[in-house]
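Summary of the model geometry
In case you want the letters, here they are:
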Amino acid sequence: QKEVEQDPGPLSVPEGAIVSLNCTYSNSAFQYFMWYRQYSRKGPELLMYTYSSGNKEDGRFTAQVDKSSKYISLFIRDSQPSDSATYLCAPWGGATNKLIFGTGTLLAVQP
Amino acid sequence: EAGVTQFPSHSVIEKGQTVTLRCDPISGHDNLYWYRRVMGKEIKFLLHFVKESKQDESGMPNNRFLAERTGGTYSTLKVQPAELEDSGVYFCASSQATIRGGYGYTFGSGTRLTVV
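The rules we used
- Residues numbered from 1 in each chain as written.
- Chains lettered and ligands numbered in written order.
- Predicted model: local features only at pLDDT ≥ 70, side-chain atom pairs only at ≥ 80, totals over all residues.
- Heavy atoms only, no water.
- Salt bridge = Lys/Arg side-chain N within 4 Å of Asp/Glu carboxyl O.
- Helix = DSSP H or I, 4+ residues; strand = E, 2+ residues; numbered from the N terminus.
- Buried < 20%, exposed > 50% of the residue type's maximum accessible area, 1.4 Å probe, protein only.
- Core = buried A, V, L, I, M, F, W, Y, C linked by side-chain atoms within 4.5 Å.
- Contact = heavy atoms within 4.5 Å.
- Buried area = accessible area lost by both parts, 1.4 Å probe.
- Polar contact = N/O pair within 3.5 Å; in protein donor to acceptor, adjacent residues only side chain to side chain.
- Nonpolar A, V, L, I, M, F, W, Y, C, P; charged D, E, K, R; others polar.
- Pairing = 2+ DSSP bridges.
- Axes fitted to C-alpha atoms, helices over the stretch in contact; angles between N-to-C directions.

With that settled, the discussion passes to the pattern of salt bridges. Applying the stated criterion across every chain yields a total of 10 salt bridges over all chains. A:Arg77 is the partner of A:Glu57 in a salt bridge, and the nearest nitrogen-oxygen pair spans 3.5 Å. Highlighted residues: A:Glu57 in strand S6 (residues 54-58) and A:Arg77 in the loop between strand S8 (71-76) and strand S9 (85-92), separated in sequence by 20 residues. Residue A:Arg77 is classed as partly exposed on the basis of its relative accessible area of 31%. Among the ionic pairs, B:Glu57 bridges to B:Lys54, the shortest N-O distance being 3.9 Å. Residue class for B:Lys54 comes out partly exposed when judged on its relative accessible area of 36%. A network of salt bridges, in which partner residues are shared, links A:Lys2, B:Glu42 and B:Lys44.

Counting residues in hydrophobic clusters, the biggest one holds 23 residues, and the most contacted among them are A:Trp35, A:Leu74 and A:Tyr87. If you list the elements that add at least two residues to this core, you get strand S3 (19-25), strand S4 (32-38), strand S5 (45-51), strand S7 (61-66), S8, S9 and strand S10 (105-110) of chain A. With four residues, S3(A) is the single largest residue contributor to this core. Excluding residues that lie within four positions of it along the chain, A:Tyr87 makes contacts with A:Gln6, A:Leu21, A:Trp35, A:Tyr36, A:Arg37, A:Leu47, A:Phe61, A:Leu74, A:Ile76, A:Gly104, A:Thr105 and A:Leu107. Core analysis: the next-biggest nonpolar cluster, separate from the first, contains 21 residues, B:Val4, B:Phe49, B:Phe65 and B:Val115 among them.

So, about the interface of chain B and chain A. With 22 residues of chain B at the interface, the matching set in chain A holds 22 residues. Buried area between chain B and chain A, summed over both chains or domains, comes out near 1900 Å², and the portion from carbon and sulfur atoms is 53%. For the pair chain B and chain A, the number of links is one salt bridge. One salt bridge in this structure joins A:Lys2 and B:Glu42, with 3.5 Å as the shortest N-O distance. Counting the contacts that link chain B with chain A gives three residue pairs in polar contact (both at pLDDT 80 or more). Of all elements in the fold, only strand S4 (31-37) and strand S5 (44-50) of chain B reach the threshold of two or more residues within the side of chain B that touches chain A. The dominant element in the side of chain B that touches chain A, judged by the number of residues it contributes, is S4(B), at three residues. For the side of chain B that touches chain A, the residue count by class is nine nonpolar, seven polar and six charged.

Attention shifts here to the sheet that holds strand S2 (residues 11-14) of chain A. All names here are of chain A. Pairing is mixed across the open sheet formed by five strands, whose spatial order is S2-S10-S9-S4-S5. Only two strands of the sheet have a single partner each, and these edge strands are S2 and S5. On average, each strand axis in the sheet is tilted by 25° relative to the strand beside it, whichever way the strands run. When S2 meets S10, the two strands line up parallel, connected through four bridges. Looking across to S10, one finds that Pro-14 is bridged to Gln-110.

Quick look at the sheet that holds S8(A) now. All names here are of chain A. In space, the five strands of this open sheet follow the order S1-S3-S8-S7-S6, with antiparallel pairing throughout. Since the sheet does not close on itself, it has two edges, and those belong to strand S1 (4-6) and S6, each with one partner. Across the sheet, the mean angle separating the axes of adjacent strands is 15° when strand polarity is ignored. Where S3 lies against S8, six bridges are found, and the strand directions are antiparallel. Bridging across to S8, Ser-20 finds its partner in Phe-75.

Structure, rendered in structure tokens:
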């Protein structure tokens, strides 16, 4: 079983839609939950992160973590064409410095 | 502040040849990481330098891969001899401190390696 499972998509939505991106994970030691955004031909960039369970909002983006079900979500409100990218979840926890990435979900927001 | 720079951006080599990838981290960043994404798979950790020392090389796939970071500045990742399965995108990242969780990482744009 993979440590992190993520639907690769692609996911295509119209501009202005609410987008829901999700991951599941298996390691209960994970404490921090990162979302990275990767534009084509670029490296991943940190979008936001949360610690433990709960919600965190940053502008149009909301990250949600449910540790009891090991489920991570990223919601994008009023999606824009500039949000078109691959979104990678990366939960982390323990004594290691390495990130464990999901496969990423490719999102296309159509104008 | 200049970002993490990787050279070359794209490399096509024949099976059995040698390729060297280079990463210039953000100035002052002691921590340097290499990651790799092969086609259809997730981005996976290769190794972590703290200054010139290898802190964790548990992700290096085999002894055909050699990473160095002389002087604690730029790093090179050499693949010798290259095999078809080495094709993918190699990412470098750096951070100022040993920031756990990756939220202090800055990634480069990657080197796209194609072995034919």
